[in-house]
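Residues per chain, in single letters:
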Amino acid sequence: MPSVSRQGQQDLIAQYRDATLRHAKLAGITRPSFRCQRCRKDQGVSGRRQVVRGTSRYGYYCAHCAALAGR
Ligand SMILES: [Zn+2]
């Protein structure tokens, strides 16, 4: 939002508030997630499956991909 600078201080506060809001919004959608090794998307951890059972070293499949791979 382009606004004419009235006072530097107000600008700083506005920027700070803006950043904080953005951060809060991010925090709102942040949940435990991981990168699925099959679809390469960030997915929620619920229902995920280890690529190699017994170790997380090779990452995880999301619930959707695990279901596909399991059949
Ligand atoms: Zn996936």
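On a predicted model such as this, the values are computed, not experimentally measured, just so you know.

Trainee: Sorry if this is basic, but what is going on with the overall build of the protein chain here?
Mentor: Of regular secondary structure, the protein chain possesses two helices and four strands. When its helices and strands are written in sequence order, the protein chain yields α-β-β-β-β-α. Split into buried and exposed, the 71 residues of the protein chain put 10% on the buried side. Restricting the contact set of the protein chain to residue pairs at least 6 apart, pairs at least 24 apart contribute 20%.

Trainee: Hey, could you run me through the nonpolar core in this one?
Mentor: As a rule of thumb, nonpolar side chains are buried together in soluble globular proteins. Counting five residues, the largest nonpolar core is built from Cys36, Tyr60, Tyr61, Cys62 and Cys65. For tyrosine 61, the contacting residues outside a window of four places in its chain are Cys36, Gln37, Arg38, Arg48, Arg49, Val51, Ala66 and Ala69.

Trainee: Explain the pairing of strand β3 (residues 49-52) to me, please; I cannot follow it from the model alone.
Mentor: The side chains of a regular strand alternate between both faces of the sheet. Pairing between β3 and strand β4 (residues 55-61): three bridges, direction antiparallel. Residue pairing for β4: arginine 49 is matched across the bridge by tyrosine 61. Between the end of β3 and the start of β4, which pair antiparallel, lie two residues, with glycine 54 showing a positive phi angle near 95 degrees.

Trainee: Would you mind showing me how to read unusual backbone geometry here?
Mentor: For residues that are not glycine, phi is negative in most cases, and the peptide bond is trans in most cases. Notably, arginine 40 is not glycine yet its phi reads approximately 65 degrees, a positive angle. When you line up the elements, arginine 40 lands in the loop between β1 (33-35) and β2 (42-44).

Trainee: Sorry, what's going on with the environment of glycine 44 here?
Mentor: Relative to the helices and strands, glycine 44 resides in strand β2. Look at glycine 44 and you get exposed, because 12 C-beta atoms sit within 10 Å. Between the C-alpha atoms of glycine 44 and alanine 63, which are 19 residues apart in sequence, the distance is 8.6 Å. With residues near it in sequence (within four places) discarded, glycine 44 still touches Arg31, Pro32 and Ser33.

Trainee: Quick question: what am I supposed to make of the confidence of the model for the protein chain here?
Mentor: One rule of thumb: low pLDDT means the predicted coordinates there are not for detailed reading. With 76% of its residues at a pLDDT of at least 70, the protein chain reaches an overall mean of 82. β4 holds the highest mean pLDDT among the elements of the protein chain, 95, whereas helix α1 (residues 8-29) holds the lowest, 73.

Trainee: Explain the environment of arginine 35 to me, please; I cannot follow it from the model alone.
Mentor: Locating arginine 35 in the fold gives a position in strand β1. Residue class for arginine 35 comes out exposed when judged on the 12 C-beta atoms lying within 10 Å of it. Spatially, the C-alpha atom of arginine 35 lies 7.7 Å from that of glycine 59, the residues being 24 residues apart in sequence. Not counting residues within four places of it along the chain, the set of residues in contact with arginine 35 comprises Arg40, Asp42 and Gly59.

Reading the values: the criteria
Residues numbered from 1 in each chain as written. Predicted model: local features only at pLDDT ≥ 70, side-chain atom pairs only at ≥ 80, totals over all residues. Helix = DSSP H or I, 4+ residues; strand = E, 2+ residues; numbered from the N terminus. Buried ≥ 20, exposed ≤ 12 C-beta atoms within 10 Å, placed from the backbone. Contact = placed C-beta atoms within 7 Å. Core = buried A, V, L, I, M, F, W, Y, C linked by C-beta atoms within 7 Å. Pairing = 2+ DSSP bridges. pLDDT = per-residue confidence, 0-100.

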